[in-house]
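An overview of the molecular structure
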Protein chains: 2
Amino acid sequence: MLSVHEARERILAQFSPLDTTRCPLELAASRVLAETIRAESDLPAFDNSSVDGFAVRVMDVAAVPVRLPVVADVPAGKAPNFRLQAGQAARIMTGAMLPAGADAVVMVEDTDFGHRAAGASAPQQVCIQKTVRPGENLRKRGADLRAGQEILPKGQVLRPQDIGMLAMLGAATVPVYRKPKVAIVSSGDELLPVDAPPEDGKIHDTNTYTLAAMAAQTGCEVLRLGVAADRREAIQAILDQAVEAGVDVIVSSAGVSVGAFDFVKEVVESAGTLDFWKVNMRPGKPLAFGSYRGIPFFGLPGNPVSSFVGFLVFARPALRRLGGLEAARQDTVRVVLAEAVESDGRESYLRAVVTRENGISTARLTGHQGSGNLFSLVQANALLIIPSGVKSCPPGTEVEAWLLEN
Amino acid sequence: MLSVHEARERILAQFSPLDTTRCPLELAASRVLAETIRAESDLPAFDNSSVDGFAVRVMDVAAVPVRLPVVADVPAGKAPNFRLQAGQAARIMTGAMLPAGADAVVMVEDTDFGHRAAGASAPQQVCIQKTVRPGENLRKRGADLRAGQEILPKGQVLRPQDIGMLAMLGAATVPVYRKPKVAIVSSGDELLPVDAPPEDGKIHDTNTYTLAAMAAQTGCEVLRLGVAADRREAIQAILDQAVEAGVDVIVSSAGVSVGAFDFVKEVVESAGTLDFWKVNMRPGKPLAFGSYRGIPFFGLPGNPVSSFVGFLVFARPALRRLGGLEAARQDTVRVVLAEAVESDGRESYLRAVVTRENGISTARLTGHQGSGNLFSLVQANALLIIPSGVKSCPPGTEVEAWLLEN
């Protein structure tokens, strides 16, 4: 049997990041940056006023009160085309560019001028009532960042504030990794479409829905192709549909019957390769990985919880790497078991609720751990990872828990 | 001055959840459930085999080895239409429905039959080599959940496993809250479109990008209308565009100039109301809230960090409530300051990096806290909340930190 780690490494060796593309900034939130971004210019790009007030030369207001002629009016958005001379003031708005010659701004509240309403014109003279230091009430060019400085690292998942920063730098498009395109398929005569009425002996297709949502959550473009019947031709047809759509990866979860997967095996091997591994894990021990017509193929088990865990542990890191992210699995936390937990010696992923009180995270299982019991996964917010070789953990044992994303 | 809490409560009083709609299951991931979902039937819906093997009556295999005639073959997906009689066995596949009369399954590994390949026919007789207990290797009807049991609560943001669970229950469509539709606008003659070359005295429009991404992250449908010039007609035109698009909320961030906001005020008040509040917070002290042609209107400050914080603190809770979520602000953690932090007595939201080591979270500011310094927000992963009335915190002080979403 392979360890989980060995199986994942063998899979990851087959994946490297996809090509990159330029995305309009407006659509770039949550995309993965494909290049490190550096500032092309200083920010602020020019000295500007942080208040509404009057631009002055500090030496002219060393003794106050002092009355100065107002020689210009500088609104935000207009570059002043004059030089402030000795003994002059210029009205200036918040964000407006400081005129040459000036070296500070006096706040309007520290003058005798109170008309701040839109459109009010500047006075002819202003009485300055408070001294200022050089640079006071200014935002100096380059105070926030310098041209050439690294802003955002390659691999960053773009957050709203990152998008804003790129806008501030005038980046109308952004270099991002292409989204991996993933086909989700299943097979099995026992699987009913979701809108079909219940039928004795049959169950609704569950896995294509779960796996499609997981792939989307991993940043993929998803093609949910649904369920093929347990026939060679039906399975070949659905896989060829994935190939024609140009997907990067095919993720299949077989129906629970042995027969279903045997046909998948035959079809994949007719135009590719498929390795069957027994992985030392629970749930999800049987895992198939290979390629069909050159496209990587994951064959996950059919039980709903097994396919969920198999996707998280094996497919998600591969898809993350394709999409330009670190393959590493998600963050784990240390938790304390509130109850005894039995395992069977395999690396086990057990559904649990982790709660945090007084700084301590404790975990309780959410129900029986049968691999068909999806409800216990719905009730869970974490998977406890019981290492291989461990068969029982008394209450109070500290174990690793993998927090499930919302 | 209003406290942050008072201002938020006044705003929230104006909002209640939007109407609900039915969403195809395939599109329901991350949507907010509008009704509590209960199981309509037991799961599993019928007793079924958890292994490939032979369905038997326990009393017939009390003494082993014993040879039994194989009277039927039960694949997954077919309802058996016979009753197992005393002394009979039936081949059965994983997931297949248990025939009436049988009360356990013997694994194929515990028999003399090894042909498990797809399409292999059942033997005429099988030699059972191991006894079984009643119910062994069965998944009993209702073992995972019972008809009527609550599956998912109203207000749940649907995760992949929830989508799978709904598929399992045959829910082809799901009741969800309608997504709030939000218009994002800005105004100011100093604001350049993102694709315009830099110009002295002007800056690129940043806020409509940041705020649009924040609204999308909050689960909204977003209409980014861009920047209006500092003219009454331009501002009225952009607001009317939002009204005609049928948005639920308008979020505006003014340019940094006073003039810009004065025109916004005039236009909004010409067809609605606008309250101007000074909120005891930093950044983001000036806040306007009202309605334009019956649509709630948020007037956020123009500085990039102020509008970011204003959105998080005031608009986000309102949009969450509209969308059927709890309005409550996001989770906070307690962190220890690694350095002295000065404040000015207002409730302050300071950009910081929180790191966790040996179970202790420590925080450091990411740079100068000017409200135009978006780069310090890009470098941050949290906002430290310094309560009102506090002016300085020595290193080692424990404060609340609001973790920023990815």
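Residues numbered from 1 in each chain as written. Chains lettered and ligands numbered in written order. Predicted model: local features only at pLDDT ≥ 70, side-chain atom pairs only at ≥ 80, totals over all residues. Heavy atoms only, no water.

**Considerations on the pattern of salt bridges**
All names here are of chain A. Summed over all chains, the structure comprises 44 salt bridges over all chains. The shortest N-O distance in the salt bridge between Glu-199 and Lys-202 comes to 3.9 Å. Glu-199 sits in the partly exposed class, given a relative accessible area of 41%. On the basis of relative accessible area, Lys-202 is assigned to the partly exposed category, the value being 23%. For the salt bridge of Arg-364 with Glu-339, the shortest nitrogen-to-oxygen distance reads 3.9 Å. In this pair, Arg-364 is assigned in strand S24 (residues 360-365) and Glu-339 in the loop between strand S21 (332-337) and strand S22 (341-342), connecting sequence segments 25 residues apart. The exposure class assigned to Arg-364 is partly exposed, which follows from its relative accessible area of 48%. For Glu-339, a relative accessible area of 25% gives the class partly exposed. (Salt bridge = Lys/Arg side-chain N within 4 Å of Asp/Glu carboxyl O. Buried < 20%, exposed > 50% of the residue type's maximum accessible area, 1.4 Å probe, protein only. Helix = DSSP H or I, 4+ residues; strand = E, 2+ residues; numbered from the N terminus.)

**So, the pairing of strand S16 (residues 249-254) of chain A**
Residue and element names in this part refer to chain A. Most of S16 sits inside the fold, with 6 of its 6 residues counted as buried. Residue alternation in S16 divides its side chains into two sets, Val-249, Val-251 and Ser-253 and Ile-250, Ser-252 and Ala-254, and both sets are buried. Pairing between strand S12 (residues 181-187) and S16: 6 bridges, direction parallel. Each residue of the ladder has a partner; that of Ser-186, found in S16, is Ser-253. Alignment of S16 against strand S20 (residues 295-300), held across 4 bridges, turns out to be parallel. Bridging from a neighbouring strand, Ser-253 pairs with Leu-300 of S20. (Pairing = 2+ DSSP bridges.)

**Considering the side chain of Ser-371 of chain B**
Residue position: Ser-371 of chain B is located in the loop between strand S24 (360-365) and helix H7 (374-378). At 3.0 Å, the side chain of Ser-371 of chain B and the side chain of Asn-303 of chain B are in polar contact. (Polar contact = N/O pair within 3.5 Å; in protein donor to acceptor, adjacent residues only side chain to side chain.)

**Digging into unusual backbone geometry**
In this chain, Leu-43 of chain A is followed by Pro-44 of chain A through a cis amide linkage whose omega measures -10 degrees. Mapped onto the elements of the fold, Pro-44 of chain A is located in the loop between strand S2 (37-38) and strand S3 (48-49). Note the cis peptide between Arg-282 of chain B and Pro-283 of chain B, where omega equals -10 degrees. Of note in the backbone geometry, Asn-137 of chain A takes a positive phi value of approximately 60 degrees without being a glycine. Summarising the element assignment, Asn-137 of chain A is placed in the loop between strand S8 (125-128) and strand S9 (138-139). The class for Asn-137 of chain A is buried, based on a relative accessible area of 18%.

**A word on the relation of the copies chain B and chain A**
The two copies are related by a screw motion: chain B maps onto chain A through a turn of 180 degrees and a shift of 0.0 Å along the axis, at an RMSD of 0.1 Å. Both copies of the chain, as the preceding transformation shows, are related through a two-fold rotation axis. Minimal C-alpha separation from the rotation axis in chain B is found for Gly-359 of chain B, amounting to 4.4 Å. A high fraction, 100%, of the interface residues of chain B reappear at the interface in chain A, so the copies pair face to face through one surface. (Least-squares fit on C-alpha atoms with pLDDT ≥ 70 in both. Contact = heavy atoms within 4.5 Å.)

**A short note on the side chain of Ser-306 of chain B**
Residue and element names in this part refer to chain B. Mapping Ser-306 onto the fold places it in helix H6 (residues 304-322). The class of Ser-306 is buried, set by a relative accessible area of 4%. Ignoring any residue separated from it by four or fewer positions in sequence, one finds Ser-306 in contact with Pro-283, Gly-284, Pro-301 and Ser-371.

**Digging into the sheet that holds S16 of chain A**
Residues and elements named next belong to chain A. On the basis of which strands lie adjacent, the open sheet formed by 6 strands has the order S15-S12-S16-S20-S19-S17 and mixed pairing. With partners counted over all chains shown, the strands left at the sheet margins are strand S15 (221-228) and strand S17 (272-278), one partner each. Here the average twist between neighbouring strands, direction ignored, is 20 degrees. Pairing between S12 and S15: 7 bridges, direction parallel. In the strand pairing of S15, Ser-186 is matched with Val-227. (Axes fitted to C-alpha atoms, helices over the stretch in contact; angles between N-to-C directions.)

**Regarding the packing of aromatic side chains**
Residue and element names in this part refer to chain A. Counted according to the given criterion, the structure contains 12 aromatic pairs over all chains. Ring geometry for Phe-15 versus Phe-289: centroids 6.2 Å apart, planes at 45 degrees, classification tilted. Residue Phe-15 is located in the loop between helix H1 (4-12) and strand S1 (20-24), and its partner Phe-289 is located in strand S19 (residues 286-292); the two are separated by 274 residues in the primary sequence. What makes Phe-15 buried here is its relative accessible area of 5%. Looking at Phe-289, the relative accessible area reads 7%, which means it is buried. (Phe/Tyr/Trp six-rings, centres within 6.5 Å; stacked < 30°, edge-to-face > 60°.)

**Regarding the interface of chain B and chain A**
Opposite the 76 residues of chain B that make contact, chain A presents 76 residues. Considering only the side of chain B, the residues that lose the most area to chain A are Pro-160, Gln-161 and Phe-375 of chain B, jointly responsible for 11% of the buried surface there. Inspection of the chain B/chain A interface yields 2 salt bridges. A salt bridge links Glu-26 of chain B to Arg-224 of chain A, with the shortest nitrogen-to-oxygen separation between them at 2.8 Å. Where chain B meets chain A, there are 14 residue pairs in polar contact (both at pLDDT 80 or more). (Buried area = accessible area lost by both parts, 1.4 Å probe.)

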